[in-house]
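Each chain is listed here by its residues.
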Amino acid sequence: MEKDRKSKISLLSYSQKLVVGFAVIIAVGTVLLMLPVSTKNGESTSFVNALFTSTSAACVTGLATYDTFTHWTRFGQIVILLLIQLGGLGFMSFAVIGAILTKRKISLKQRELMQEAINVNQLGGIVRLFKIILKGTLICECAGAVLLAVRFIPKLGPAEGIYYAIFHSISAFCNAGFDLMGRYEKYSSFTSFVDDPYVNIVIMLLIIIGGIGFYVWDDILKNRFRFSRFSLHTKIVLVTTSVIIFFPAVLFFCFERTHAFSGLDIGDSVVASFFQSVTLRTAGFNTVDQSELSGSSMLMCNILMLIGGSPGSTAGGIKTTTIAVLFLSTLSELRNHKSVTVFERRLEDDLLRRVIAILFVYCAMEFAGTMAISQLENMPVEYASFGVFSAVSTVGLFIGTVGSLSTASRVILIFLMFFGRIGGLSMAMAFTKPYINPPLQYPAEKISVG
């Protein structure tokens with residue numbers, strides 16, 4: 001019986017194992033959150049709402065049917081925090097911890113699953129990279145907690161201040177977007193800190209570091225911040241991340257001076273603009289009311305949410321490298337170049353085909369989800385698209401309250417969050433048979449496009 005079970009597991013592809021692993025984490029989290037001890041009113045949370053919260057936490061999204069502070073007890077909040085940590089690092093990280101502690105050798109199959117879990121191309125040095133991920137995560141989250149404690153302890157006292165600092169440091173670093181600011185006002189997130197640049201900057205730094213990708217960390221550490229020695233992947237991630245932080249921040253500042261930022265002075269508006277630009281790419285915190293954003297900003301929000309963070313990180317979306325390859329390919333086509341080059345390197349020809357597949361799968365899911373929820377809830381398309389893009393890209397922002405949605409809409413969002421965390425192609429490949437190239441090639445024929 002045991003051999004049959006193991007043989008069935010071994011037949012699963014790496015993408016399928018990834019799906020199963022996250023599904024198990026979500027299932028355990030759902031059961032724990034359904035317990036009466038998890039809620040402040042002492043009543044059991046419904047299955048759908050517990051499943052929604054567990055999925056949102058494990059998929060580091062941040063969408064919530066209940067305010068985290070007012071509904072969940074300290075036990076429930078810690079369950080959510082553990083799901084965030086598990087989901088942010090991936091369940092394979094904890095398998096590595098177990099192997100290190102017990103001094104067991106990590107097999108080739110486990111290494112290949114680790115490679116799939118963090119979406120890196122190289123298999124060599126994967127265990128060393130995982131150790132860097134674990135150490136780097138611990139250092140960053142501890143540093144973030146210490147910095148936030150400086151502000152939270154005077155407000156909340158030592159015990160509560162430290163707890164809040166740890167919770168929000170982990171949530172920000174893992175790009176999760178869960179918060180405990182409901183103690184001031186339900187679903188308020190960091191709106192009460194909009195005029196506090198210190199807290200804003202600490203949260204932004206945690207989001208950015210968690211979102212640039214574990215491979216980039218390794219490259220920066222190995223090459224001591226010398227840009228010329230970085231790999232092409234790291235260079236593209238750093239440049240693209242910088243562009244999609246600064247350029248949208250300028251646009252937010254221009255668009256929202258008479259809308260969402262109308263009550264802020266220029267300094268606070270600048271900080272709020274950068275916070276909006278950073279958090280929208282998968283973190284899910286907010287310092288201003290999203291419903292007050294102008295139409296232009298809402299459109300830009302959807303674009304930023306679609307892009308997301310970088311490969312091999314705690315973030316979702318199509319990823320910064322994907323949008324960079326699309327831009328570079330378009331530029332090369334306009335210049336009539338036969339190949340795509342950047343930083344004196346040529347990109348592989350097959351890469352564009354993969355990028356187009358990723359973009360198509362994400363857009364198809366987002367448009368289908370938008371149409372379904374807009375129809376089910378009789379909701380304006382711009383509001384429905386905002387919530388759907390947020391779910392697929394694991395951002396966690398929503399206009400209105402998720403708890404007011406019907407069960408059908410919440411189930412759709414659960415699937416979209418799960419889809420977004422696993423990744424478009426990984427999710428698709430988990431449910432399709434591997435394609436074997438035929439022994440012959442068909443004749444090529446040209447068609448007109450554009």
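Residues numbered from 1 in each chain as written. Predicted model: local features only at pLDDT ≥ 70, side-chain atom pairs only at ≥ 80, totals over all residues. Heavy atoms only, no water.

Peer 1: So what about the overall build of the chain? Which residues, and what values?
Peer 2: The helix and strand inventory of the chain stands at 19 helices and 2 strands. For the chain, the proportion of its 450 residues judged to be buried stands at 52%. Partitioning the intrachain contacts of the chain with sequence separation of at least 6 by distance along the chain shows that 68% fall at a separation of at least 24. Of the roughly 21,800 Å² that the chain leaves accessible, carbon and sulfur atoms contribute 64%. (Helix = DSSP H or I, 4+ residues; strand = E, 2+ residues; numbered from the N terminus. Buried < 20%, exposed > 50% of the residue type's maximum accessible area, 1.4 Å probe, protein only. Contact = heavy atoms within 4.5 Å. Areas by Shrake-Rupley, 256 points an atom, 1.4 Å probe, with all protein chains shown as cover.)

Peer 1: Residues and numbers for helix H5 (residues 74-89), please.
Peer 2: An ideal rise of 1.5 Å per residue puts 22 Å on 16 residues; H5 measures up with 22 Å between its terminal C-alpha atoms. The complete set of buried residues in H5 reads Gly76, Gln77, Val79, Ile80, Leu81, Leu83, Ile84, Gln85, Gly87, Gly88 and Leu89. (Expected span 1.5 Å × (residues − 1).)

Peer 1: For the packing of H5 against helix H9 (residues 158-173), give the residues involved together with the corresponding values.
Peer 2: One way to put it is that H5 packs onto H9 with a least axis distance of 9 Å and a crossing angle of 30°. With respect to H9, the element H5 is oriented roughly parallel. For the element pair H5 and H9, the recorded crossing hand is left-handed. Residues Arg74, Gln77, Ile78, Leu81, Ile84 and Gln85 of H5 form the contact with H9, whose participating residues are Glu160, Tyr163, Phe167, Ile170 and Ser171. Its residues assigned to classes, the contact of H5 with H9 comprises 6 nonpolar, 3 polar and 2 charged. (Axes fitted to C-alpha atoms, helices over the stretch in contact; angles between N-to-C directions. Parallel < 35°, antiparallel > 145°, perpendicular 65-115°, else oblique. Left-handed = near helix turned anticlockwise from the far one by under 90°. Nonpolar A, V, L, I, M, F, W, Y, C, P; charged D, E, K, R; others polar.)

Peer 1: Got a sec to walk through the side chain of serine 390? Specific residues and values, please.
Peer 2: Here serine 390 is to be found in helix H17 (residues 381-392). Look past the residues within four positions of serine 390 in its chain and what remains in contact with it is Thr61, Leu63, Met305, Val395, Gly396 and Leu397.

Peer 1: Got a sec to walk through the pattern of salt bridges? Specific residues and values, please.
Peer 2: The tally for this structure, following the rule as stated, stands at 4 salt bridges. We note a salt bridge from arginine 151 to aspartate 196, for which the minimum N-O separation is 2.7 Å. Taken as a pair, arginine 151 in helix H8 (residues 126-156) and aspartate 196 in the loop between H9 and helix H10 (197-211) lie far apart in primary sequence, 45 residues in all. Residue arginine 183 pairs with glutamate 160 through a salt bridge whose shortest N-O separation is 3.5 Å. (Salt bridge = Lys/Arg side-chain N within 4 Å of Asp/Glu carboxyl O.)

Peer 1: Let's hear about the packing of helix H3 (residues 47-58) against H5: which residues, and what values?
Peer 2: Helix-helix packing: each pair is described by the crossing angle between the helix axes and the interaxial distance. Remark: H3 packs on H5, axes separated minimally by 7 Å, with the N-to-C direction vectors making an angle of 45°. Accordingly, the angle class assigned to the pair H3 and H5 is oblique. Between H3, through Thr53, Ser54, Ala57 and Ala58, and H5, the contact on the second element is made entirely by Ile80, Leu83, Ile84 and Gly87. Its residues assigned to classes, the contact of H3 with H5 comprises 5 nonpolar, 3 polar and no charged.

Peer 1: Quick one: what's the story with the packing of aromatic side chains, residue by residue and with numbers?
Peer 2: If you walk through the whole model with that rule in mind, you get 13 aromatic pairs. When the ring of phenylalanine 173 is compared with that of tryptophan 217, the centres are 5.7 Å apart and the planes differ by 45°; the resulting orientation is tilted. Of this pair, phenylalanine 173 sits in helix H9 while tryptophan 217 sits in helix H11 (residues 214-223); the two residues are 44 residues apart in sequence, bridging distant segments of the chain. Note on accessibility: phenylalanine 173 and tryptophan 217 belong to one class, buried. Among the aromatic residues, those joined into a cluster by ring pairs are Phe152, Tyr163, Tyr164, Phe167, Phe190, Phe193 and Phe285. Here lysine 40 stacks its cationic end above the ring of phenylalanine 69, 4.0 Å away from the centre of that ring. One cation-aromatic arrangement involves arginine 74 over tyrosine 163; the distance from NZ or CZ to the ring centre is 3.8 Å. (Phe/Tyr/Trp six-rings, centres within 6.5 Å; stacked < 30°, edge-to-face > 60°. Lys NZ or Arg CZ within 6 Å of the ring centre and 35° of its normal.)

Peer 1: Quick rundown of the nonpolar core? Include the residues and the values.
Peer 2: Counting residues in hydrophobic clusters, the biggest one holds 63 residues, and the most contacted among them are Ile84, Phe152, Tyr164, Phe178, Phe190, Ile203 and Phe285. Per-element tally for this core: the top contributor is H8, with 9 residues. Ranked by size, the runner-up nonpolar core spans 41 residues in total, among them Val194, Ile307, Ile318 and Val388. (Core = buried A, V, L, I, M, F, W, Y, C linked by side-chain atoms within 4.5 Å.)

Peer 1: Any details on unusual backbone geometry? Residues and values, ideally.
Peer 2: At asparagine 175, a residue that is not glycine, the phi angle is positive and equals roughly 55°. For asparagine 175, the position within the fold is in the loop between H9 and H10. At arginine 224, a residue that is not glycine, the phi angle is positive and equals roughly 55°. Mapped onto the secondary structure, arginine 224 falls in the loop between H11 and helix H12 (232-256).

Peer 1: Any details on H3? Residues and values, ideally.
Peer 2: For H3, with 12 residues, the first-to-last C-alpha span of 16 Å sits near the 16 Å given by 1.5 Å per residue. Counting buried residues in H3 gives 9 out of 12 residues, a clear majority hidden from the surface. Taken together, the buried positions of H3 are Asn49, Ala50, Phe52, Thr53, Ser54, Thr55, Ser56, Ala57 and Ala58. Positive backbone phi, at 40°, marks valine 60, one or two positions downstream of H3.

Peer 1: Explain a nonpolar patch on the surface to me, using residue names and the numbers behind them.
Peer 2: The grouping of Val20, Val24, Val28, Leu32, Leu35, Val37 and Phe75 at the surface amounts to a nonpolar patch, some 540 Å² of accessible area in total. By the secondary structure assignment, valine 20 is in helix H2 (residues 14-34). (Patch = residues over 30% accessible without salt bridge, like charges linked within 9 Å, V, L, I, M, F, W, Y side chains within 5 Å.)

Peer 1: So what about the side chain of aspartate 218? Which residues, and what values?
Peer 2: Checked against the element boundaries, aspartate 218 lands in helix H11. Its relative accessible area of 3% is what places aspartate 218 among the buried residues. Discounting residues that sit within four places of it in the chain, aspartate 218 has contacts with Arg128, Leu129 and Ile132.

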